[in-house]
Each structure stands twice: as C-alpha cells, then as structure tokens.
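# Structural overview for review
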Amino acid sequence: MGFFSRFKVPSVSGAQAREQISAGAKLVDVRENNEWAAGHPPQAVHVPLASLEAKAARLPKNKPVLVICRSGNRSRTGTKKLRAMGFDAYSVSGGMRAWEAAGGAVLDRKGRPGRIA
C-alpha cells in the first residue's frame, strides 16, 4: 500500500453504479438545485453537498450509498463525509458524464429528457 492510497476515496464507474442501483444501492446527487433541475438520474435522491451532513439520516446505512455530481470532485468530498459517518459510500467516478455515457437516464425536474448542467 502506497503512502497516498490512504487518501483514496472508494469509487465505482458509471456502469458499476447502474448495476449496484439495480441491486438496491442508493444514489445521492450532491449537486446544486439548478444542476439537479436541469438533469439528474431518476433514481437519485437530491441532497446538495452543503446539506449532506444535516440530511444524512435520510440515507440507508444498511446498503451502499453512491454519490454523484457533475465531474466527480464534489462526490469524492461527499463520499468522505458519509464514510466518516459510518455509511458504505462510494463516489461515482466521472460523475454525471460517466453516468450518461454508461446509458444512465438524465431527466429534468419535470421528468423530461434533461441535460447535464
């Protein structure tokens, strides 16, 4: 194990995220309200990163929690926070772009095809 490996955040690919969600994992989108409204995975729960600690009780501790954002930066931060609170959390590497590239749906707040903002 290298020196920097202790700083690594556990992650999954977009395709792995889709598989894990099908198996019961919970997806949490930590982007801001305007980003969520423009386009988000329909399976996701929206909890902006700034509210994550306050709203973590809404998330299950008995199944994996996958954290997604636009590119993967905020999701890594959210994953670290959730893991520190005892959650089995993983960042979706590559964020919404990886999700969409893996065939994941992106819907706007009205349920129509959305866009990644």
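In what follows, the accompanying structure is described. (Residues numbered from 1 in each chain as written. Predicted model: local features only at pLDDT ≥ 70, side-chain atom pairs only at ≥ 80, totals over all residues. Heavy atoms only, no water.)

## A short note on the environment of Pro-41
Locating Pro-41 in the fold gives a position in the loop between helix H2 (33-38) and strand E3 (45-46). In the structure, Pro-41 is positioned 67 residues away from Asp-108 in sequence and 8.8 Å away in space, judged by C-alpha atoms. With residues up to four places along the chain from it excluded, the contact list for Pro-41 reads Leu-27, Asp-29, Met-96, Trp-99 and Ala-105. (Helix = DSSP H or I, 4+ residues; strand = E, 2+ residues; numbered from the N terminus. Contact = heavy atoms within 4.5 Å.)

## Section: the environment of Val-65
Structurally, Val-65 can be placed in strand E4 (residues 65-68). By relative accessible area, Val-65 is classed as buried at 0%. In the structure, Val-65 is positioned 24 residues away from Pro-41 in sequence and 14 Å away in space, judged by C-alpha atoms. (Buried < 20%, exposed > 50% of the residue type's maximum accessible area, 1.4 Å probe, protein only.)

## Observations concerning the pairing of strand E2 (residues 26-29)
Taken together, the four bridges between E2 and E4 define a ladder with parallel strand orientation. The partner of Asp-29 across the bridge, within E4, is Ile-68. Relative to E3, E2 runs parallel, the two sharing two bridges. Its bridge partner being in E3, Val-28 is matched across the sheet by Val-45. Taken together, E2, H2 and E3 constitute a β-α-β crossover, and its handedness is right-handed. (Pairing = 2+ DSSP bridges. Right-handed = clockwise from strand over helix to strand, strands pointing away.)

## Structural notes on helix H4 (residues 73-84)
An α-helical turn contains 3.6 residues, so a residue and the one three or four places further along point in the same direction. Between its first and last C-alpha atoms H4 spans 17 Å; for 12 residues at 1.5 Å apiece the expected length is 16 Å, and the two agree. Those residues of H4 that are buried lie in contact with helix H3 (52-55), E4 and strand E5 (89-92). After H4 finishes, the residue Gly-86 shows a positive phi value of roughly 95°. (Expected span 1.5 Å × (residues − 1).)

Scope: geometric values only; no functional claims are made or implied.
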